Amino acid sequence: MMPPSAPAPDKSARRTPSDDQPVSGLKRVLANLAHLLGGKAAAGLMSLVYLVIVARTLGVRDYGVLVLVNGYAVFVGSLVAFSGFHGVVRYGALAIEAGDPARLARIVRFMALVELGFGVLAMIVAIVAVPFVGPRLGWSADAMRIAIPYSLAVFSTVRATPQGLLQIARRYDLIGLHQAVSPAVRLVGTLIVVASGGKLAAFLIVWLISCLAEGAAMWLLGLVAWRALMAGERLRGAWRGVLREGGGFGRFTLIANFDITLQELAPNLAPLTIGWMLGPVAAGLFSLAQRATNLLQQPAKLLSQASYAVLAGQVAKRRFDLLRHTVWRSAALAGVIATPIVLALWLAGDRILPLIGGRSFKGGAVIVTLIAGARLAGLIASPISAGLTALGRPQRSMTVTLFTNLALYPLLPVMILWIGLHGAGLHALLQNVIATGLLMLFFARDARDPIDAGQEGDTGIPTYAESSPNE
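Residues numbered from 1 in each chain as written. Predicted model: local features only at pLDDT ≥ 70, side-chain atom pairs only at ≥ 80, totals over all residues. Heavy atoms only, no water.

(A) Quick peek at the overall build of the protein chain. Across its full length, the protein chain carries 19 helices and 0 strands. Looking at the protein chain as a whole, 56% of its 471 residues qualify as buried. In the protein chain, the share of contacts with a sequence separation of at least 24, taken over all contacts with a separation of at least 6, comes to 85%. (Helix = DSSP H or I, 4+ residues; strand = E, 2+ residues; numbered from the N terminus. Buried < 20%, exposed > 50% of the residue type's maximum accessible area, 1.4 Å probe, protein only. Contact = heavy atoms within 4.5 Å.)

(B) Structural view of the pattern of salt bridges. Tallied over the full model, the rule gives 5 salt bridges. One salt bridge connects Glu-214 with Arg-159, and the closest N-O pair in it is separated by 3.0 Å. Here Glu-214, found in helix 9 (residues 200-229), pairs with Arg-159, found in the loop between helix 5 (141-150) and helix 6 (160-168); they are 55 residues apart in sequence, far enough to count as distant. Between Asp-446 and Arg-396 there is a salt bridge, with the nearest N and O atoms lying 2.7 Å from each other. Here the residue Asp-446 occupies a position in helix 18 (residues 421-446), and Arg-396 occupies one in helix 16 (residues 394-407), the gap between them amounting to 50 residues. Looking at Asp-446, the relative accessible area reads 2%, which means it is buried. Several salt bridges share partner residues, and in doing so they unite Arg-396, Arg-445 and Asp-446 into one network. (Salt bridge = Lys/Arg side-chain N within 4 Å of Asp/Glu carboxyl O.)

(C) Up close: the packing of aromatic side chains. Counting across every chain of the model gives 7 aromatic pairs. Taken together, a centroid distance of 5.7 Å and an interplanar angle of 75° make the contact between Tyr-72 and Trp-139 edge-to-face. Here Tyr-72, found in helix 2 (residues 24-80), pairs with Trp-139, found in the loop between helix 4 (101-133) and helix 5; they are 67 residues apart in sequence, far enough to count as distant. Overall, the relative accessible area of 6% leaves Tyr-72 in the buried class. On the accessibility criterion, Trp-139 (8% relative accessible area) is buried. Taken together, the ring pairs in this structure connect Tyr-50, Phe-203 and Trp-207 into an aromatic cluster. The ring of Phe-252 carries the charged tip of Arg-90 above its face, separated from the ring centre by 4.7 Å. (Phe/Tyr/Trp six-rings, centres within 6.5 Å; stacked < 30°, edge-to-face > 60°. Lys NZ or Arg CZ within 6 Å of the ring centre and 35° of its normal.)

(D) How the structure looks around the packing of helix 8 (residues 181-196) against helix 9. At a closest axis distance of 8 Å, the pairing of helix 8 and helix 9 adopts a crossing angle of 155°. Between helix 8 and helix 9, the interaxial angle falls into the category roughly antiparallel. The interaxial crossing formed by helix 8 with helix 9 has right-handed handedness. When helix 8 is examined against helix 9, the residues Val-181, Ser-182, Val-185, Arg-186, Gly-189, Thr-190, Val-193 and Val-194 are found in contact with a partner set consisting of Ala-202, Phe-203, Val-206, Trp-207, Ile-209, Ser-210, Cys-211, Ala-213, Glu-214 and Ala-217. Counted by class, the contact of helix 8 with helix 9 contains 12 nonpolar, 4 polar and 2 charged residues. (Axes fitted to C-alpha atoms, helices over the stretch in contact; angles between N-to-C directions. Parallel < 35°, antiparallel > 145°, perpendicular 65-115°, else oblique. Left-handed = near helix turned anticlockwise from the far one by under 90°. Nonpolar A, V, L, I, M, F, W, Y, C, P; charged D, E, K, R; others polar.)

(E) Structural detail: the side chain of Ser-385. Take Ser-385: it is sitting in helix 15 (residues 365-390). Exposure remark for Ser-385: the relative accessible area of 13% places this residue in the buried category. In this view, Ser-385 contacts Gln-263, Ser-397 and Leu-439; residues no more than four positions away in its chain are not counted.

(F) Structural view of the confidence of the model for the protein chain. For the protein chain, mean pLDDT is 80; residues scoring 70 or higher make up 81% of the total. When mean pLDDT is compared element by element in the protein chain, helix 8 scores highest at 95, while helix 1 (residues 11-14) scores lowest at 37. The model gives residues 1-23 a pLDDT under 50, and that stretch makes 38 contacts with residues more than four places away or in other chains. The low-confidence segment residues 452-471, where pLDDT is below 50, has 45 contacts with residues more than four positions distant or belonging to other chains. (pLDDT = per-residue confidence, 0-100.)

(G) Structural detail: the nonpolar core. Counting residues in each nonpolar core, the largest one holds 90 residues, and the members touching the most others are Tyr-63, Trp-139, Tyr-150 and Leu-353. Among all residues touching Leu-353, those that are not within four sequence positions of it are Leu-285, Leu-288, Ala-289, Ala-292, Gly-358, Phe-361, Gly-363, Gly-364 and Val-368. Grouped together as the second largest cluster of nonpolar side chains are 29 residues, Ala-105, Phe-110, Leu-165 and Ile-175 included. (Core = buried A, V, L, I, M, F, W, Y, C linked by side-chain atoms within 4.5 Å.)

(H) Highlighting helix 5. Every buried residue belonging to helix 5 is among Ala-143, Ile-146, Ala-147 and Tyr-150, and all of these are buried. Burial along helix 5 is one-sided: seen end-on, the buried residues are contained in an arc of 120°. Helix 5 presents Ala-141 and Arg-145 as exposed residues on the side facing more than 90 degrees away from its buried surface. (Arc of directions from axis to C-beta.)

(I) Fine view of the packing of helix 6 against helix 9. Closest axis-to-axis distance for the helix 6/helix 9 pair is 8 Å, and the angle between their directions is 40°. By the angle between their directions, the pair helix 6 and helix 9 is classed as oblique. In the packing of helix 6 onto helix 9, the handedness of the crossing is left-handed. Counting all contacts with helix 6, which are made through Thr-161, Pro-162, Gln-163, Leu-165, Leu-166 and Ile-168, the residues of helix 9 involved are Met-218, Trp-219, Leu-221, Gly-222, Ala-225, Trp-226 and Leu-229. A per-class count over the contact of helix 6 with helix 9 returns 10 nonpolar, 3 polar and no charged.

(J) Region of the structure containing the side chain of Asn-70. One can find Asn-70 in helix 2. For Asn-70, a relative accessible area of 15% corresponds to the buried category.

(K) Representation of the environment of Ser-196. The residue Ser-196 is located in helix 8 in this model. With relative accessibility at 57%, the residue Ser-196 sits in the exposed group. Here Ile-192 takes part through its backbone oxygen, which lies 3.0 Å from a polar atom of the side chain of Ser-196. For Ser-196, the side chain forms a polar contact with the main-chain oxygen of Val-193, separated by 3.1 Å. (Polar contact = N/O pair within 3.5 Å; in protein donor to acceptor, adjacent residues only side chain to side chain.)

(L) Representation of the environment of Gln-263 in the model. In this structure, Gln-263 sits in helix 10 (residues 249-278). Relative accessible area serves as the criterion here: at 35%, Gln-263 is assigned to the partly exposed category. C-alpha separation for the pair Gln-263 and Ser-78, spaced 185 residues apart in sequence, amounts to 9.6 Å. Ignoring sequence-local partners within four residues, the contact set of Gln-263 consists of Ser-385, Ser-397, Thr-401 and Asn-405.

(M) Inspection of the environment of Gly-59 at higher detail. Checked against the element boundaries, Gly-59 lands in helix 2. Among the residues examined, Gly-59 registers a relative accessible area of 16% and is labelled buried. The spacing of Gly-59 and Phe-361 is 302 residues in sequence and 7.8 Å in space, taken between C-alpha atoms. Not counting chain neighbours up to four residues away, the residues in contact with Gly-59 comprise Val-54, Ser-360 and Phe-361.

As structure tokens, then:
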């Protein structure tokens, strides 16, 4: 069922005259994004169908419980699990540029073991904490019983290594295909549950199956990239010594993983905080508002995925002029495209949430508009953050995320106490606007003179300007 593997890339194929044109970076980002959006369009349509059915079947309270059980597992997975995505892409690109598939194979094997090991740890943590967290989030007895095996859903977050490998192989078509796996499972499962008269417990089982399918599918698709890039290497083989090879792999990967964890912390923690303080009904309203604005959130993630491998390749070739051009053009284009969508969501007002979820989801104009504004700022920031990471400066993005996601988090419960659910939306907007502004300042400085930036002694992380591709 998987598409045939792509032919192994060679250096002559990677270096074309268009690589020297300033617009080529943006064109490649847009081409990658087109592949991702193709799969996301199908996924979005399926998601909309099952979302309407589930929300109208369960009502706002039970829908809120479904969101909280799933959000709990995803939160623990994103907090504890380890992402090797940036390490695989950055150092894998160097290995490919140096014509060393054996080194790439060692990196992938090492990161796969690390990621899977942390995934098991995340599952154990989720199981142990269920009896303490569930009652405070308003879970029913059935939801509490299912929440323990539902902890397996953390493995939906354990798939960064094969995704990084697919990006190196430029198989964005397969990454786009993967976007439809979870929605397809949920749609089919939803139809079965509704036909059989099932309720909350049945929907939780469907959501769990979709999470497991999402994780497993990415690892299977990663085998296509493995065959394309490392046809002569076995899956089982040497993996030790990756951290001793130099080039800052260990420190870079740790910082990049910490940055990803921080980036996902606030979005995953906010619904749980709302559920903890205001109950499942408020959590259901907030979640549906988030889903209504996914038209802006998903492109932000996809744009980051589509741009990072392109930017890493430009840095590997020391084409910092192309890097700056690609990042700023990508950010500007994202803002231009997203602004009319935000305006449309504002004009739709109170009709959006009841239209999607039914009459139990009343109002929502203010919360939808606030979250849409936050999504707009996050979309603009995506290529800028990817550019800093490609420069070997993930600590910049980490610093911004640390401030906005952790330092500003205490404001969330205060704002909820102050103005209720709208406080959560205003908090999200404040976080994203501040983060985008800080990322712009950092990138404008670091991308202007990346060699000098890479020689700073405070980080210990070499940039491509310092490192040889043959390390």
